[in-house]
Amino acid sequence: MPDHAPSETAFTRWRRRAILATAAIAGASLLFSGAGEAFDQMLRSARDGLRSHSASGEVHIVEIDARSIKQIHRWPLPRGAHAATIDSLHAARPRAIAFDVDFSSASEPLEDAKLKAALKRAGGNVILPTLRQAAGAGSSEFSESIPIKSLAENAFLAAVNVIPDTDGYVRQVPLGVATFGTPRPSIPSMIAESKADIGRSFDIDYSIDPATIPRHSMIDVISGRVPAAELAGKRVIIGGTAIEMGDRYVVPRYGVIPGVVIQALAAETLLAGPIPERWSGGWALSLALLLIALTVRPGAGRRRLALFGGGSAGIIALPLITEAAWAVFLPVAPALAALAIAAAGGAAALLQERYRQRTLVDEATGLPNLARLEADLAGRGGGSIVVAHINRFAEIASVLGPAATAQLILRVSERLTFATPDRVIYRSEEANLAWIEAPEDEDTIGDRVEAISSLMRAPVECGRLVDVTLSFGLAAAEAADGKHLAANASLAAARAARKGMRWTKFVESETDETNWQLSLLGELDAAMASGQVWNAYQPKLDLSSGRIFAVEALVRWLHPERGPIGPDSFIPLLEEHGRVRELTTHVLAQSLEDARAWDAAGYPLGVAVNVSATLLADHGFIELVGQMLRASGLPPERLTVEITETAAINSADAAVAALESWRALGVNVSIDDYGTGQSSLGYLQKLPATELKIDKSFIDAVSSDQRNAIMVRSTIALAHELGMKVVAEGIEDRECLDALAAMGCDTGQGYLISRPVTAAAVTDLLAQEALKAA
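We now turn to the structure provided with this report. Keep in mind the model is a prediction, meaning the values are calculated, not measured.

What about the overall build of the protein?
Next up, step 1: Within the protein, the regular secondary structure consists of 30 helices and 32 strands.
Next up, step 2: Within the protein, the fraction of its 774 residues that count as buried is 48%.
Next up, step 3: Put simply, of all contacts in the protein between residues at least 6 apart along the chain, 72% involve residues at least 24 apart.

Written out as structure tokens, the structure is:
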């Protein structure tokens, strides 16, 4: 016994130090890496829900809504409408008037003069916006904008910057920003008459319900339908809420809201009390380590457990107190991590965690893996699995590299966690994330998929901004094991992606479909050699001359047993399995051969060939195309390479570099399906493209829908300003063709002109055209 007691005391002392050291390391790791930020923001949203309250009513929004746009009958809005708004508001004697509307470019001189005069009539007291933002994702350079000189000289200038976090959510705005070397307050600080420290930001209080901020339609203000008494002495912000204006951001608790509402919430935050601050998580971590030091000391076990539990609850509740009393955000994730490590029980728990990391966690991301999913599913006694497949993952990963790809996976998993609380997110495959779904919750999966899709509209920050889309698959619990179930859910997600659906549920027939697809892959080479895979051509009409001057090559597969196989059934499959280069080479070779034949017949046609996004930056393939062009003798400018808008905008730098390589061949570059992605013509001006194809979805109603016509007309005009030709695809009636010609569209394509036909039929069509011309 005399020898045993000292040994026991030494062990206790070692255990106490080991627990404290391990907890300190874990807490400090989260503190300095910022890895616990997502958890802290989740807790903060919960606290904001507990503190939820109405706005003060001091800040009002005059919204440029859909009704205002419709009744004013012009888009973009004439600046005379803004002038009329100022006059109406000024007559009501509000405390402040601010615009969250871009005036950095001149419009029609008369309209600019109207707005200038209205600003003067308001005594120069209207606030106009300035902006300073990064020139691009990951760029150290900034672009700045201020209102045109005639407007800036007659108004106050204030910043409208917002600061998205790495997960795409807007939680902060600045107090002040320097633009063009001049310090300026932000609109919220100016509206709230608060301090405007340059370079200092503050957290928006999302416990304020944005639905309670008074809002008035611009057309109602202009028409005098808003009583002056409602606006007298109030602080008014004017900005767009119509979806067409696109000024929308993702925020905690409320999803996607207009930028002007964010500015109003920020002003309400400053009006409510002291300027919000963020304290270091080190304060809560210090309290947690003190609590651990006290509770691991020798003494009564129950008292230590009560102290530990009560102290932990106090640390969790501490931010609620600091936010309510002093507007101070206090991160507690590092502290909670330290407490969790301490509760795990020291060195033995640490060894167990290391083992778990090796076997149950994805090495690249630290997320639970497929093995963990299998174990958890077995422990629950069954369930269903939902798989979220990252579309175009191979393309994204090849551009980003391993480290940034891992960060992208983590950012996506954080958004899934936010939209599916209380569920563990697993990385079940390289491009797949998954979670377990209780059978009784399957009926609500559609709503949650919609919520996740809304979250994914904001680009993902992983060292650069990347647009990510997800396809979802659900597999019910009949499968034999978790691995089988996850594989079935993955098949369902792949089917959803192919069919352009958000999600689908696995059905047994998908196994047969997979076997059929694998069979197609094996038959591709023989099908190309035998002529089963062939080129159809859809003519392109010069709208000014009314003559066919080019065609687009469209691949077709006539299978001897299955009959015609649509391109949508085999092209995505070839892309997925790395076989699309062979198919594109075959289509290009046939196109060049047919173009030479048309040349010989006296019809020098241009030919357009679609290039998959997976080949866009494939320099080996680009070199091969150059060799094929030179061997054909066809002038390079007669070949057009068509890429989708989505492929062009997913990675700006990579797209510009790749397209410059294509242009170096002398070929034309066309941006296909314009309007289906999230780019703007301002962005597209950076791309070395020569042609813009407006998607059929915008062309269908161009002769009957005035709003659609305005959008198409402005796109054509701006594309011409950028030196690009414009092609309208999907023309099916004469009214549409005439409307597009009147708008100055260069080229038309669609069933009205001709359906896709064989090369021989193109020759006949041109011969008929020549006879008519004669």
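Things to note about the sheet that holds strand β17 (residues 384-390)
Next up, step 1: Here five strands make up an open sheet; going across it, the order is β18-β19-β17-β22-β23 and the pairing mixed. Edge positions in the sheet fall to β18 (426-429) and β23 (503-505), since each of these pairs with one other strand and no more. Here the strands of the sheet are splayed against their neighbours by 30° on average, with no regard to which way each runs.
Next up, step 2: Strand direction decides the pairing type here: strand β22 (residues 470-475) and β23, joined by three bridges, are parallel. Residue Phe 472 lies in a different strand from β23, and its bridge partner there is Trp 503.
Next up, step 3: Taken strand by strand, helix α15 (residues 370-380) contacts β17, β18 and β19 (432-437), and its axis lies near 5° from that of β19.
Next up, step 4: Helix α19 (residues 482-498) rests against β17, β18, β19, β22 and β23 of the sheet, and its axis sits at about 135° to β22.

Things to note about the pattern of salt bridges
Close approach of charged atoms allows side chains with opposite charge to pair.
Next up, step 1: Per the counting criterion, the structure on display carries 42 salt bridges.
Next up, step 2: A salt bridge links Glu 144 to Arg 132; the shortest N-O distance between them is 2.9 Å. Here the residue Glu 144 occupies a position in strand β4 (residues 142-145), and Arg 132 occupies one in strand β3 (residues 126-134), the gap between them amounting to 12 residues.
Next up, step 3: Looking at Glu 144, the relative accessible area reads 28%, which means it is partly exposed.
Next up, step 4: Judged by its relative accessible area of 30%, Arg 132 is partly exposed.

Quick notes on unusual backbone geometry
Next up, step 1: The phi angle at His 73 is positive, at roughly 70°, despite the residue not being glycine.
Next up, step 2: Residue placement: His 73 occurs in the loop between α3 (66-72) and α4 (79-92).
Next up, step 3: Phi at Asp 422 takes a positive value of approximately 70°, unusual for a residue other than glycine.
Next up, step 4: Among the structural elements, Asp 422 can be located in the loop between α17 (402-419) and β18.

Examining the packing of helix α22 (residues 580-600) against helix α23 (residues 619-632)
Next up, step 1: For the pair α22 and α23, the least separation of the axes is 11 Å and the interaxial angle reads 20°. When the axes of α22 and α23 are compared, the pair comes out roughly parallel. In this structure, the crossing between α22 and α23 has a hand that is right-handed. Counted together, Arg 581, Thr 584, Thr 585, Leu 588, Ala 589, Leu 592 and Arg 596 of α22 and Gly 620, Phe 621, Leu 624, Val 625, Met 628, Leu 629 and Ser 632 of α23 form the full contact between these two elements.
Next up, step 2: A per-class count over the contact of α22 with α23 returns eight nonpolar, four polar and two charged.

Regarding the side chain of Asp 220
Next up, step 1: Within the fold, Asp 220 resides in helix α8 (residues 218-222).
Next up, step 2: The contacts of Asp 220, once residues within four sequence positions are left out, are Arg 67, Arg 225 and Val 226.

Quick word on the packing of aromatic side chains
Next up, step 1: Enumeration according to the criterion identifies six aromatic pairs in this entry.
Next up, step 2: Ring centres 5.4 Å apart and planes at 75° place the aromatic pair Trp 557 and Phe 570 in the edge-to-face group. A residue pair is termed long-range when its members are at least 10 positions apart, and Trp 557 in strand β25 (residues 547-559) and Phe 570 in helix α21 (residues 567-576) qualify at 13 residues. For the pair formed by Trp 557 and Phe 570, the shared burial category is buried.
Next up, step 3: The ring of Phe 329 carries the charged tip of Arg 44 above its face, separated from the ring centre by 4.3 Å.

Remarks on helix α2 (residues 37-50)
Next up, step 1: A rise of 1.5 Å per residue sets the reference length of α2, with its 14 residues, at 20 Å; its end C-alpha atoms lie 20 Å apart and thus fit the reference within 8%.
Next up, step 2: Taken together, the buried positions of α2 are Asp 40, Gln 41, Arg 44, Ser 45, Arg 47 and Asp 48. The buried residues of α2 all sit within an arc of 165° when viewed along its axis, so they share a single face.

Cut-off values and rules
Throughout this description, residue numbers start from 1 for each chain and increase along the sequence as written. pLDDT decides what is reported in this predicted model: residues at 70 or higher carry local features, side-chain atom pairs at 80 or more are listed and counted, and totals for whole chains, interfaces and linings draw on all residues regardless. Only hydrogens and water are set aside when side-chain values are computed; all heavy atoms of the structure are taken into account. Strands are runs of DSSP state E lasting at least 2 residues, helices are runs of H or I lasting at least 4, and numbering of each runs from the N terminus. Exposure classes here rest on a 1.4 Å probe applied to the protein chains alone. A residue is buried below 20% of its type maximum, exposed above 50%, and partly exposed in between. Should any heavy atoms of two residues lie within 4.5 Å, those residues are considered in contact. Between any two strands, pairing holds if DSSP finds at least two bridges. Axis lines are fitted to C-alpha atoms, over the contacting stretch for helices. Their N-to-C directions set the angle, which ranges from 0 to 180 degrees. What makes a salt bridge here is a side-chain nitrogen of Lys or Arg within 4 Å of a carboxyl oxygen of Asp or Glu, nothing more. Throughout, the term roughly parallel applies to angles under 35 degrees, roughly antiparallel to angles over 145, roughly perpendicular to angles from 65 to 115, and oblique to all others. A crossing counts as left-handed when the near helix is turned anticlockwise from the far one by less than a right angle, and as right-handed when that turn is clockwise. When residue character is reported, Ala, Val, Leu, Ile, Met, Phe, Trp, Tyr, Cys and Pro are called nonpolar, Asp, Glu, Lys and Arg charged, and the others, Gly included, polar. Pairing of aromatic side chains requires ring centres within 6.5 Å, counting the rings of Phe and Tyr and the six-membered ring of Trp. Pairs whose planes differ by under 30 degrees are stacked, by over 60 edge-to-face, and all others tilted. Only lysine NZ and arginine CZ atoms are considered, and such an atom sits over a ring when it is within 6 Å of the ring centre and within 35 degrees of the ring normal. A helix is expected to reach a length of 1.5 Å times the quantity of its residues less one. Arc definition: directions from the helix axis to the C-beta atoms.

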